[in-house]
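# Analysis of the macromolecular model
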Amino acid sequence: MSTKRIVVLISGSGSNLQAIINACAANEVHGSIVAVISNRPEVYGLERARLAGIETQTLNHKNFADRLSFDQALMELIDSYRPDLVVLAGFMRILTAEFVEHYSGRMLNIHPSLLPAYKGVHTHQRALDDGAKQHGASVHFVTAELDAGAVILQATVPVLTDDTAETLAARVLMEEHKIYPQVVNWFCAERLSCKDGAAWLDGQRLAEPLQLKAEGL
Ligand code: GRF
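Keep in mind it's a predicted model, so treat the numbers as computed, not measured.

Further remarks concern the sheet that holds strand E10 (residues 204-205). Hydrogen bonds between backbone atoms are what pair the strands of a sheet, whose relative direction is either parallel or antiparallel. Overall, antiparallel pairing links the three strands, which are arranged E8-E9-E10 in an open sheet. Only two strands of the sheet have a single partner each, and these edge strands are strand E8 (192-195) and E10. Looking at chain direction, strand E9 (residues 198-201) and E10 are connected through two bridges and run antiparallel. Bridging from a neighbouring strand, Leu 201 pairs with Gln 204 of E10.

What follows is the structure, encoded as structure tokens:
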């Protein structure tokens with residue numbers, strides 16, 4: 001089995017990127033990150049990539065007339081690296097259907113909620129406002145509908161009485177750093193695929209997302 005080529009897309013701090021970089025360096029992922037692409041210039045995630053000796057690219061969406069032309073240019077840039085897997089790691093862009101279709105079954109995202117709860121933004125504050133007792137993160141295949149693709153693995157954390165959106169986000173982020181490299185590895189090891197809109201692991205269709213429970217639950 002060949003080492004899989006991974007392209008990671010970011011828009012910010014890149015802590016999930018770092019978790020995947022570390023997992024690759026520790027040989028916990030049968031893959032290597034061949035490029036990190038940001039739509040925002042000078043974000044810290046690009047520095048993380050440089051420090052790890054990974055090629056970086058910035059494609060600023062503000063330089064494009066519309067979403068379609070940006071996504072087209074992004075696709076060309078990604079494809080120049082011939083990736084097996086595209087990993088969205090805090091990539092804050094709504095993607096066109098054409099883009100998503102092009103990477104169908106080979107693009108993953110992490111979302112900071114227990115999907116299907118709290119699609120979209122401000123997930124931590126919304127969980128607090130609802131008085132949710134549990135919250136978490138989900139790794140899923142990307143489909144054209146926002147945060148709606150087949151969920152593979154979730155991590156659940158307790159919501160504490162004195163939580164703010166920031167403390168809750170930090171607790172969720174720590175779990176994100178465990179589940180994202182795990183799922184990337186399953187894909188790279190050819191154990192994970194997406195068929196008929198469902199995630200399959202080791203030949204089994206996942207009727208429900210797999211669960212990682214944090215301490216305190
Ligand atoms: C994470 O919370 C992720 O779930 C969301 O954006 C955040 C990215 O954080 N999609 P980082 O850039 O990986 O630190």
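From this point, the discussion proceeds with the structure in view.
This paragraph deals with helix H3 (residues 67-79). Given 3.6 residues per turn, any residue in an α-helix points the same way as the ones three and four places further on. Given a rise of 1.5 Å per residue, 13 residues ought to cover 18 Å, and the 18 Å separating the end C-alpha atoms of H3 matches this to within 8%. Among all positions of H3, only Phe 70, Asp 71, Leu 74, Met 75, Leu 77 and Ile 78 are buried. Buried residues in H3, looked at end-on, bunch into an arc of 165 degrees, giving them a common side. The secondary structure elements touched by the buried residues of H3 are strand E1 (4-10), strand E2 (31-38), strand E3 (56-58), strand E4 (85-88) and helix H4 (97-102).

When you line up the elements, Thr 96 lands in the loop between E4 and H4. Judged by its relative accessible area of 11%, Thr 96 falls in the buried class. Apart from residues lying up to four places away in sequence, Thr 96 is in contact with Arg 67, Leu 68 and Asp 71.

Helix H6 (residues 165-188) packs onto helix H1 (residues 15-25) with a crossing angle of 45 degrees between their chain directions and a minimal axis gap of 9 Å. Viewed along their axes, H1 and H6 adopt a mutual orientation that is oblique. Like other packed secondary-structure pairs, H1 and H6 cross with a definite hand, here right-handed. Each of Ser 15, Asn 16, Ala 19, Ile 20 and Ala 23 in H1 lies in contact with H6, whose residues at this interface are Leu 173, Glu 176, His 177, Tyr 180, Pro 181 and Val 184.

Looking at the ligand, the residues that line it are Ser 13, Gly 14, Ser 15, Asn 16, Gly 90, Ile 110, His 111, Pro 112, Leu 173 and Glu 176. For the ligand, an oxygen atom lies 3.0 Å from a polar atom in the side chain of Ser 13. For the ligand, a nitrogen atom lies 3.1 Å from a polar atom in the backbone of Ile 110. When the ligand is considered free in solution it has 370 Å² of accessible area, and contact with the protein chains removes 82% of it. Mapped onto the shell around the ligand, the elements with two or more residues apiece are H1, strand E5 (107-111) and H6. Counted by class, the shell around the ligand contains three nonpolar, six polar and one charged residues.

Here is what the cut-offs are and how they apply
Residues numbered from 1 in each chain as written. Predicted model: local features only at pLDDT ≥ 70, side-chain atom pairs only at ≥ 80, totals over all residues. Heavy atoms only, no water. Pairing = 2+ DSSP bridges. Helix = DSSP H or I, 4+ residues; strand = E, 2+ residues; numbered from the N terminus. Expected span 1.5 Å × (residues − 1). Buried < 20%, exposed > 50% of the residue type's maximum accessible area, 1.4 Å probe, protein only. Arc of directions from axis to C-beta. Contact = heavy atoms within 4.5 Å. Axes fitted to C-alpha atoms, helices over the stretch in contact; angles between N-to-C directions. Parallel < 35°, antiparallel > 145°, perpendicular 65-115°, else oblique. Left-handed = near helix turned anticlockwise from the far one by under 90°. Near = heavy atom within 4 Å. Polar contact = N/O pair within 3.5 Å; in protein donor to acceptor, adjacent residues only side chain to side chain. Areas by Shrake-Rupley, 256 points an atom, 1.4 Å probe, with all protein chains shown as cover. Nonpolar A, V, L, I, M, F, W, Y, C, P; charged D, E, K, R; others polar.

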